[in-house]
Amino acid sequence: MEVPDDAVLFDMDGVLVDSETYWHQFEDEWVFAEAIESGDPAHEEVTGMNYREIHDYLTEEYGTAVTKEEFVEAYNERAESLYGEQVELMDGANELFDDIRASGRKLAIVSSAPQDWIKIVRDRFGLDPLDLVLSADDIDEPGKPEPHIYERAADELGLNPEECVVVEDSVHGVESAARSGAFTVGYRSTHNAELDLSEADVVVEGPGELRETILG
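In this text the structure is predicted, and so the values were computed from the model without any measurement.

Student: I would appreciate a short explanation of the environment of Tyr 187 in the present structure.
Tutor: Position of Tyr 187 among the secondary structure elements: in strand 5 (residues 183-188). Sequence separation between Tyr 187 and Gly 206 is 19 residues, and the spatial gap between their C-alpha atoms is 6.8 Å. For Tyr 187, the contacting residues outside a window of four places in its chain are Gly 14, Val 15, Met 90, Val 167, Glu 168, Asp 169, Asn 192, Leu 197, Val 204, Gly 206, Pro 207 and Leu 210.

Student: What's the story with a negative patch on the surface in this structure? I'm lost.
Tutor: Residues Glu 69, Glu 70, Glu 73, Glu 77 and Glu 80 make up a contiguous surface patch of negative charge. Within the secondary structure, Glu 70 sits in helix 3 (residues 68-86). According to the relative accessible area criterion, Glu 70 is partly exposed, its value standing at 42%.

Student: Honestly, the environment of Met 90 in this entry has me stumped. Any pointers?
Tutor: For Met 90, the location among the structural elements is in the loop between helix 3 and helix 4 (93-102). Considered as a pair, Met 90 and Ala 193 are 103 residues apart in the sequence and their alpha carbons are 16 Å apart. Not counting residues up to four positions away in its chain, the partners in contact with Met 90 are Val 15, Leu 16, Leu 96, Tyr 187, Pro 207 and Leu 210.

Student: How should I be thinking about the sheet that holds strand 3 (residues 132-135) in this particular structure?
Tutor: Strand order in the open sheet formed by 6 strands is 3-2-1-4-5-6, with parallel pairing between adjacent strands. Two strands in the sheet have a free side with no partner beyond their single neighbour: strand 3 and strand 6 (202-205). Across the sheet, the mean angle separating the axes of adjacent strands is 25° when strand polarity is ignored. Looking at chain direction, strand 1 (residues 7-10) and strand 4 (residues 164-168) are connected through 4 bridges and run parallel. Paired with Phe 10 across the strands is Val 167, a residue of strand 4. Helix-sheet contacts for helix 5 (residues 115-125) involve strand 2 (106-111) and strand 3, and the interaxial angle to strand 3 is about 140°. Helix 6 (residues 148-156) rests against strand 1, strand 2, strand 3 and strand 4 of the sheet, and its axis sits at about 155° to strand 3.

Student: Explanation requested: the nonpolar core in the structure shown.
Tutor: Nonpolar side chains tend toward joint burial in soluble globular proteins. Phe 10, Leu 58, Phe 71, Tyr 75, Tyr 83, Val 167 and Leu 210 are the most contacted members of the largest nonpolar core, which has 52 residues in total. With 7 residues, the top contributor of residues to this core is helix 3. Residue contacts for Leu 210: discarding those within four places in its chain leaves Phe 10, Met 90, Leu 96, Val 167, Val 185, Tyr 187 and Val 204.

Student: Explain the packing of aromatic side chains to me, please; I cannot follow it from the model alone.
Tutor: The relative placement of two aromatic rings is captured by the distance of their centres and the angle of their planes. Counted according to the given criterion, the structure contains 12 aromatic pairs. Their ring planes at 25° and their centres at 5.2 Å tell us that Trp 23 and Tyr 75 sit as a pair that is stacked. Residue Trp 23 is located in helix 1 (residues 20-35), and its partner Tyr 75 is located in helix 3; the two are separated by 52 residues in the primary sequence. A residue is classified by how much of its surface remains accessible, and Tyr 75, at 3% relative accessible area, is buried.

Thresholds applied
- Residues numbered from 1 in each chain as written.
- Predicted model: local features only at pLDDT ≥ 70, side-chain atom pairs only at ≥ 80, totals over all residues.
- Heavy atoms only, no water.
- Helix = DSSP H or I, 4+ residues; strand = E, 2+ residues; numbered from the N terminus.
- Contact = heavy atoms within 4.5 Å.
- Patch = residues over 30% accessible without salt bridge, like charges linked within 9 Å, V, L, I, M, F, W, Y side chains within 5 Å.
- Areas by Shrake-Rupley, 256 points an atom, 1.4 Å probe, with all protein chains shown as cover.
- Salt bridge = Lys/Arg side-chain N within 4 Å of Asp/Glu carboxyl O.
- Lys, Arg positive; Asp, Glu negative; His and termini not counted.
- Charge placed at Lys NZ, Arg CZ, Asp CG, Glu CD.
- Buried < 20%, exposed > 50% of the residue type's maximum accessible area, 1.4 Å probe, protein only.
- Pairing = 2+ DSSP bridges.
- Axes fitted to C-alpha atoms, helices over the stretch in contact; angles between N-to-C directions.
- Core = buried A, V, L, I, M, F, W, Y, C linked by side-chain atoms within 4.5 Å.
- Phe/Tyr/Trp six-rings, centres within 6.5 Å; stacked < 30°, edge-to-face > 60°.

Shown next, in the form of structure tokens:
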């Protein structure tokens, strides 16, 4: 299958930065331990979802022991140090971004994370300029795994989803991109080694394979 050469849309968490390991730790220590009433959720049930929608999902499936306001505040507090101090950028990301720009492709970050979190990462690692930064908070429709965020991203770039490459690491993210019609690259790393990313058009292992797939 031919890889589109109009735009590349990157998920942030678990692709551009290694944040999923830290979020999984936060889920184990607080979300699944104290914020739900009962049950033992798996990380993949919520990974890739917007944190407000995570609260809604957990409330429906397991019951929650904290208000949505408390839940959101806890995530926002954790995000400041997580993105500002702990996460590391994917090897070669800045060079990859430069080469995507040089090739004439449009470049975007499309994330379930709020714009404030994305901005910490953009500023800390010098990822700008970007043609689009889209958060699940920016759309009125449900977030990943629904396809709306990638449909919206393509539209804002003046493209059809089929003209875009999307790089995703979570089951929900891959499903969202695939359902939109985008060429979907499943990005495999240590945190998601066991996940089923088979809905992607291609699955790559690490930054080198990702670069080869995007730029050839």
